[in-house]
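# Understanding the architecture of this molecule
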There are 2 protein chains.
Amino acid sequence: MNLILLTSADVIDSHHRVRLSGRRHRHILEILHAQKGDRLTVGLLNSKMGQAEVVAIDKNSVELEVNLENNPPLALALTLILALPRPQVVKRVLQSASSLGIKNIIFLNCFRVEKSLWQSSTLRSEEIKEQLILGLEQAKDTILPDVLLRKSFTAFVEEELPALIKGTLPVVAHPGSGQVCPRNVRQPVTLVIGPEGGLIDFELDRLRQMGFENVDLGERIYKVETVLPFLVGRLF
Amino acid sequence: MNLILLTSADVIDSHHRVRLSGRRHRHILEILHAQKGDRLTVGLLNSKMGQAEVVAIDKNSVELEVNLENNPPLALALTLILALPRPQVVKRVLQSASSLGIKNIIFLNCFRVEKSLWQSSTLRSEEIKEQLILGLEQAKDTILPDVLLRKSFTAFVEEELPALIKGTLPVVAHPGSGQVCPRNVRQPVTLVIGPEGGLIDFELDRLRQMGFENVDLGERIYKVETVLPFLVGRLF
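Everything numeric here is computed off the predicted structure, so don't read it as measured data.

## Re the interface of chain B and chain A
Between chain B and chain A, the residue contacts involve 29 residues of the former and 29 residues of the latter. Taken together, both faces of the contact between chain B and chain A bury some 2,500 Å²; the carbon and sulfur share is 49%. Remark: the boundary between chain B and chain A carries two salt bridges. Between Asp141(B) and Arg220(A) there is a salt bridge, and its shortest N-O distance comes to 3.0 Å. At the level of secondary structure, the elements contributing two or more residues to the side of chain B that touches chain A comprise α2 (87-99), α3 (125-139) and α6 (224-235) of chain B.

This is how it looks when you write it as structure tokens:
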């Protein structure tokens, strides 16, 4: 937690003072060992960042005097479309994507996605938000990403994708395609990452028809947790 | 497991036939649902890769007829020097580094590394090897990385680092340094990643004296699991 993320529900005195208990209080008390007068890096969810002074702290709660004057870091110009992975991977990818500054994440159904994965409790909106917030706290950001769940590949591709990719470079990470991944692109990107075992030809064809290019990362096959930051480092 | 990694201990008939039980057998039986006559991707540890035919399989073991004729993918020209992280992170980083093709990994002590971390059982050589093998099986590689543990920053920097960085681009990932990370370098790299909280000035100064450049990844702070593939994607 490199930034304490506040919400309007924490405010006890119009905009300037907040009281925290629970996870953030424990972090401030037990990890940061903060004392009265110490200054902490804070941010208001979907708003500005800044500093806060500890004005009171005990074993139940902490009160901070908050001064928010900085903008959060720029968002990454990337829309991530990801074949729904297993629950543990969903969690790690949400955290990682959030820390990387990705603000648009779409979990998509594909032929090789096990249908039972859509029942996972990790896809409940509160659980998704929890992981996204961990990513924001890690990266020092305040802007909560949007996460969409799309259970029909065809409906998504036909009805939503055309508008999404407008003005972006649309790429699919697909092993063995032979096309080298572009570097240092100066435009927004829409990135599709398929499931374990890959997208099937029908899916790749549909995306190609929409204008997507397959890009290849060489002979190695990476886990989605690895390939996402790898591609962000490569593309931007 | 995109490749079944074999060792010479699995061989039951000079070079051509292997018998597997345990984890790899279960994977072949329960995940791949392989039957007699099926062909699998295999590799021999620290040697070649190829195909194997299932010649016998039951609930106790599987026998494969192996044909190894391909070279493993090229190693990544990167030496990774990493401030020792927490045990769970050690595991994930070993797997990820191994899958990325990194063949030289050094866990280093630094001022902000908790000394108790050096007692972790994850640093036992068998446990390290287990994670490295998971990475090789993921990426389809056979060459086991070397992992060194160095508990004295100063001794390592003075006695070993000069030879290690010879002919390489030596860089330290350090937030706030202002130097943009180089892209698409065409030479070997020695990469230092500091601990949570960063390297201290003394450590940064010592590395700078040796010829290291600090490189900056922007305002965000990433977890080591995220920053490693990010940097590999960016640098190569």
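## Things to note about the relation of the copies chain B and chain A
Under the fitted operation, chain B is carried onto chain A by 0.0 Å of movement along the axis and a turn of 180°, and the coordinates agree to an RMSD of 0.0 Å. Each copy turns onto its partner about a two-fold axis. Comparing interface residues between copies, 100% of those in chain B also lie at the interface in chain A; the contact surface is shared.

## Brief notes about the environment of Ser96(B)
Inspection of the secondary structure assignment puts Ser96(B) in helix α2. Take Ser96(B): its relative accessible area is 10%, and that puts it in the buried class. Contacts of Ser96(B), omitting those with residues within four sequence positions, involve Thr226(A), Leu228(B) and Pro229(B).

## Examining the packing of α2(B) against α6(B)
Residues and elements named next belong to chain B. Between α2 and α6, the shortest axis-to-axis distance is 9 Å and the interhelical angle comes to 15°. Classed by the angle they form, the pair α2 and α6 counts as roughly parallel. Classified by chirality, the crossing of α6 by α2 is right-handed. Along the contact surface, α2 presents Val89, Arg92, Val93, Ser96 and Ala97, while α6 presents Val224, Glu225, Leu228 and Pro229.

Definitions and limits used
Residues numbered from 1 in each chain as written. Chains lettered and ligands numbered in written order. Predicted model: local features only at pLDDT ≥ 70, side-chain atom pairs only at ≥ 80, totals over all residues. Heavy atoms only, no water. Contact = heavy atoms within 4.5 Å. Buried area = accessible area lost by both parts, 1.4 Å probe. Salt bridge = Lys/Arg side-chain N within 4 Å of Asp/Glu carboxyl O. Helix = DSSP H or I, 4+ residues; strand = E, 2+ residues; numbered from the N terminus. Least-squares fit on C-alpha atoms with pLDDT ≥ 70 in both. Buried < 20%, exposed > 50% of the residue type's maximum accessible area, 1.4 Å probe, protein only. Axes fitted to C-alpha atoms, helices over the stretch in contact; angles between N-to-C directions. Parallel < 35°, antiparallel > 145°, perpendicular 65-115°, else oblique. Left-handed = near helix turned anticlockwise from the far one by under 90°.

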